[in-house]
Amino acid sequence: MRSITYWAGQYLLAASSMFALISLIDYLSGKSFTATWPATLGWSCAAAAIFVASRYRQARAGAACALCEDGKPAAKPRR
(Lines give C-alpha, C1' and ligand atoms only; values in the text may rest on other atoms or scores of the structure.)
Protein backbone atom coordinates (compact mmCIF):
# COMPACT_ATOMS: atom_id res chain seq x y z
CA MET A 1 0.00 0.00 0.00
CA ARG A 2 1.29 3.44 -0.85
CA SER A 3 1.94 6.15 1.72
CA ILE A 4 -0.35 9.03 2.61
CA THR A 5 2.10 11.38 0.89
CA TYR A 6 1.44 9.63 -2.43
CA TRP A 7 -2.34 9.95 -2.05
CA ALA A 8 -2.09 13.59 -0.99
CA GLY A 9 0.02 14.28 -4.07
CA GLN A 10 -2.52 12.52 -6.26
CA TYR A 11 -5.29 14.65 -4.75
CA LEU A 12 -3.40 17.90 -5.29
CA LEU A 13 -2.53 16.94 -8.86
CA ALA A 14 -6.12 15.99 -9.68
CA ALA A 15 -7.64 19.06 -8.00
CA SER A 16 -5.26 21.52 -9.64
CA SER A 17 -5.63 20.04 -13.11
CA MET A 18 -9.43 19.96 -12.80
CA PHE A 19 -9.43 23.56 -11.54
CA ALA A 20 -7.40 24.63 -14.58
CA LEU A 21 -9.67 22.72 -16.96
CA ILE A 22 -12.92 24.05 -15.49
CA SER A 23 -11.48 27.58 -15.40
CA LEU A 24 -10.58 27.30 -19.08
CA ILE A 25 -14.07 26.08 -19.93
CA ASP A 26 -15.61 28.99 -18.00
CA TYR A 27 -13.30 31.46 -19.74
CA LEU A 28 -14.15 30.09 -23.19
CA SER A 29 -17.86 30.38 -22.41
CA GLY A 30 -17.41 34.09 -21.67
CA LYS A 31 -17.54 34.12 -17.86
CA SER A 32 -15.08 36.10 -15.76
CA PHE A 33 -12.61 34.32 -13.51
CA THR A 34 -13.42 36.52 -10.52
CA ALA A 35 -17.08 35.51 -10.67
CA THR A 36 -16.56 31.77 -11.12
CA TRP A 37 -13.45 30.79 -9.14
CA PRO A 38 -15.25 29.83 -5.89
CA ALA A 39 -17.59 27.41 -7.65
CA THR A 40 -14.76 26.13 -9.82
CA LEU A 41 -12.62 25.47 -6.76
CA GLY A 42 -15.45 23.67 -5.01
CA TRP A 43 -16.26 21.42 -7.95
CA SER A 44 -12.62 20.59 -8.63
CA CYS A 45 -11.96 19.69 -4.97
CA ALA A 46 -15.09 17.54 -4.78
CA ALA A 47 -14.33 15.74 -8.04
CA ALA A 48 -10.71 15.14 -7.02
CA ALA A 49 -11.84 13.71 -3.67
CA ILE A 50 -14.18 11.26 -5.39
CA PHE A 51 -11.51 10.31 -7.94
CA VAL A 52 -8.74 9.73 -5.39
CA ALA A 53 -11.05 7.94 -2.95
CA SER A 54 -12.10 5.48 -5.64
CA ARG A 55 -8.46 4.88 -6.61
CA TYR A 56 -7.54 4.38 -2.95
CA ARG A 57 -10.40 1.92 -2.49
CA GLN A 58 -9.33 -0.07 -5.55
CA ALA A 59 -5.71 -0.12 -4.39
CA ARG A 60 -6.70 -1.20 -0.90
CA ALA A 61 -8.84 -4.01 -2.29
CA GLY A 62 -5.94 -5.16 -4.45
CA ALA A 63 -7.68 -4.54 -7.75
CA ALA A 64 -5.57 -5.27 -10.81
CA CYS A 65 -4.53 -2.25 -12.83
CA ALA A 66 -3.68 -1.82 -16.50
CA LEU A 67 -0.10 -0.76 -15.72
CA CYS A 68 1.12 -3.30 -13.19
CA GLU A 69 4.59 -2.67 -11.78
CA ASP A 70 5.99 -6.13 -12.50
CA GLY A 71 4.12 -6.67 -15.78
CA LYS A 72 2.10 -9.57 -14.41
CA PRO A 73 -1.57 -9.39 -13.60
CA ALA A 74 -2.35 -9.16 -9.90
CA ALA A 75 -4.08 -11.98 -8.08
CA LYS A 76 -7.78 -11.64 -7.47
CA PRO A 77 -8.61 -10.42 -3.96
CA ARG A 78 -10.42 -12.76 -1.58
CA ARG A 79 -13.97 -11.91 -0.63
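Residues numbered from 1 in each chain as written. Predicted model: local features only at pLDDT ≥ 70, side-chain atom pairs only at ≥ 80, totals over all residues. Heavy atoms only, no water.

Quick question: what am I supposed to make of the packing of helix 1 (residues 4–28) against helix 2 (residues 33–61) here?
Two packed helices can be described by the angle between their axes and the distance between those axes. Contact geometry of helix 1 with helix 2 gives a least axis separation of 7 Å together with a crossing angle of 145°. Between helix 1 and helix 2 lies a crossing of right-handed hand. (Axes fitted to C-alpha atoms, helices over the stretch in contact; angles between N-to-C directions. Helix = DSSP H or I, 4+ residues; strand = E, 2+ residues; numbered from the N terminus. Left-handed = near helix turned anticlockwise from the far one by under 90°.)

Honestly, helix 2 in this entry has me stumped. Any pointers?
A turn of α-helix holds 3.6 residues, and therefore any two residues three or four places apart point the same way. With 29 residues, helix 2 should reach 42 Å at 1.5 Å per residue; the first-to-last C-alpha distance of 40 Å fits that figure. The principal kink in helix 2, of about 30°, is found at alanine 39. At its buried positions, helix 2 is contacted by helix 1. In the stretch just after helix 2, glycine 62 is the one whose phi turns positive, near 80°. (Expected span 1.5 Å × (residues − 1). Bend = angle between axes of the 7 residues up to and from the residue. Contact = heavy atoms within 4.5 Å.)

Would you mind showing me how to read the packing of aromatic side chains here?
Two descriptors summarise a pair of aromatic rings, namely the distance from one centre to the other and the angle between the planes of the rings. Taken as a whole and judged by the stated rule, the model has three aromatic pairs. Judged by centre distance (5.5 Å) and plane angle (90°), the rings of tryptophan 7 and tyrosine 56 are edge-to-face. Of this pair, tryptophan 7 sits in helix 1 while tyrosine 56 is found in helix 2, placing the two residues 49 residues apart along the sequence. Assessed through its relative accessible area of 10%, tryptophan 7 is described here as buried. Where phenylalanine 19 meets phenylalanine 33, the ring centres are 6.1 Å apart and the plane angle is 85°; that geometry is what we call edge-to-face. Taken as a pair, phenylalanine 19 in helix 1 and phenylalanine 33 in helix 2 lie far apart in primary sequence, 14 residues in all. Classification of phenylalanine 33 by relative accessible area gives partly exposed; the value is 46%. Members of the aromatic cluster, each reached through a chain of ring pairs, are Tyr6, Trp7 and Tyr56. (Phe/Tyr/Trp six-rings, centres within 6.5 Å; stacked < 30°, edge-to-face > 60°. Buried < 20%, exposed > 50% of the residue type's maximum accessible area, 1.4 Å probe, protein only.)

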